[in-house]
Each structure stands twice: as C-alpha cells, then as structure tokens.
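# Structural characterization, general
So the chains spell out like this:
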Amino acid sequence: MNTTSLALAAFTLSPDAVVVTFGRQSTYGLLNDDKQIVQDGTGDDVTVHSRELHIVANSLTGITDGATVTVRRKAAATSTAVTYTVRNRPMPRENGDLWAIRLAKVET
C-alpha cells in the first residue's frame with residue numbers, strides 16, 4: 001500500500017482542501033488557521049494566531065525558511081490566493097509521509 005498516494009488522494013478529495021503553489025510547483029493540502037486567547041505568563045490575555053499547512057512530503061521541493069507560498073481554496077472557483085511566508089523548515093508528521101509547515105501571512 002502506497003501511503004503517500006493515499007494521503008495525496010485524501011487531500012485532493014477533501015472539501016477543505018487548498019491548492020498550494022510554490023514557484024512553478026503546485027499540490028493539495030490542508031490549512032489550519034487557528035486563533036486562541038492564552039495567558040502570557042503574567043496573567044494577561046493575548047491572542048495567539050497559528051497557521052499550519054499540511055502537505056504530502058516532498059510534493060513541493062525546495063521549501064525552506066523564508067520561502068513564499070500562495071494558498072487558494074480548492075472549493076471556491078472565485079477564491080483569491082493568499083500569500084504566506086514559510087516559518088522554519090517543514091516538519092515530518094505521521095510516518096514521514098506528511099509535512100507540517102508553519103506559515104505567516106504576508107500583509108499587503
């Protein structure tokens with residue numbers, strides 16, 4: 001059983017799928033865009049915004065810290081692409097077939 005192919009098929013068929021573009025390369029993935037209110041250690045509440053992209057490992061070659069990727073919702077035909085900067089390096093997940101990539105939104 002080829003788990004990499006199964007993961008890509010799952011991303012492609014997911015209703016929440018996004019199309020990720022890096023240079024001339026594109027793939028499907030899932031974007032977790034999460035905001036939480038947490039305490040900062042002194043008792044004050046602060047908003048923590050985290051964005052993590054999940055893609056099949058090695059589906060986008062050359063991704064490194066500081067690279068720019070664009071993300072577009074697959075389901076919406078008229079969706080606009082959003083630009084993000086990669087933070088740190090891709091982190092292997094599960095059995096190594098997936099990468100988690102932390103992102104920061106590029107403000108225009």
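All of the points below concern the structure found in this document. (Residues numbered from 1 in each chain as written. Predicted model: local features only at pLDDT ≥ 70, side-chain atom pairs only at ≥ 80, totals over all residues. Heavy atoms only, no water.)

On to the side chain of Thr-27, then. The topology assignment puts Thr-27 in strand E2 (residues 25–39). With residues up to four places along the chain from it excluded, the contact list for Thr-27 reads Leu-8, Val-18, Val-19, Val-20, Ile-55, Ser-59 and Leu-60. (Helix = DSSP H or I, 4+ residues; strand = E, 2+ residues; numbered from the N terminus. Contact = heavy atoms within 4.5 Å.)

With that settled, consider the sheet that holds strand E5 (residues 82–93). Read around the barrel, six strands follow the order E1-E2-E3-E6-E5-E4 and close on themselves; strand pairing throughout is antiparallel. Neighbour-to-neighbour, the strand axes of this sheet turn through a mean angle of 45°, independent of strand direction. The pairing of E5 with strand E6 (residues 98–105) spans seven bridges and is classified as antiparallel. Looking at E6, one finds that Arg-87 is bridged to Arg-102. (Pairing = 2+ DSSP bridges. Axes fitted to C-alpha atoms, helices over the stretch in contact; angles between N-to-C directions.)

This part takes up the pattern of salt bridges. According to the stated counting rule, one finds two salt bridges in the structure shown. For the salt bridge of Arg-102 with Glu-52, the shortest nitrogen-to-oxygen distance reads 3.7 Å. Residue Arg-102 is located in strand E6, and its partner Glu-52 is located in strand E3 (residues 45–56); the two are separated by 50 residues in the primary sequence. Under the relative-accessibility criterion, Glu-52 is labelled buried at 18%. (Salt bridge = Lys/Arg side-chain N within 4 Å of Asp/Glu carboxyl O. Buried < 20%, exposed > 50% of the residue type's maximum accessible area, 1.4 Å probe, protein only.)

With that settled, the discussion passes to the nonpolar core. Residues Leu-53, Val-69, Ile-101 and Leu-103 are the most contacted members of the largest nonpolar core, which totals 17 residues. Counting residues per element, the ones that place at least two in this core are strand E1 (18–22), E3, strand E4 (68–73), E5 and E6. (Core = buried A, V, L, I, M, F, W, Y, C linked by side-chain atoms within 4.5 Å.)

This part takes up the pairing of E2. Where E1 and E2 come together, five bridges link them in antiparallel fashion. Looking across to E2, one finds that Val-20 is bridged to Thr-27. Linking two consecutive strands that pair antiparallel, namely E1 and E2, is a turn of two residues; a positive phi of about 65° is found at Gly-23 within it. Here 11 bridges tie E2 to E3, and the two strands are oriented antiparallel to one another. Each bridged residue has a counterpart across the sheet, and for Gln-36 the counterpart in E3 is Val-48. Following E2, the chain reverses through five residues before pairing antiparallel with E3; Gly-41 in that reversal takes a positive phi of roughly 100°.

When you line up the elements, Val-20 lands in strand E1. Separated by 33 residues in the primary sequence, Val-20 and Leu-53 have C-alpha atoms spaced 9.1 Å apart. Residue contacts for Val-20: discarding those within four places in its chain leaves Gln-25, Ser-26, Thr-27, Gly-29, Leu-53, Ile-55, Leu-60, Val-69 and Thr-70.

Moving on to the environment of Glu-94. Along the chain, the position of Glu-94 falls in the loop between E5 and E6. The sequence separation of Glu-94 and Asp-16 amounts to 78 residues, and the corresponding C-alpha distance is 20 Å.

A word on unusual backbone geometry. Here the phi dihedral of Asn-58 falls at roughly 65°; this positive angle occurs in a residue that is not glycine. Phi at Glu-94 takes a positive value of approximately 55°, unusual for a residue other than glycine. The exposure class assigned to Glu-94 is exposed, which follows from its relative accessible area of 71%.

Treat this as a map of the structure, not an account of what it does.
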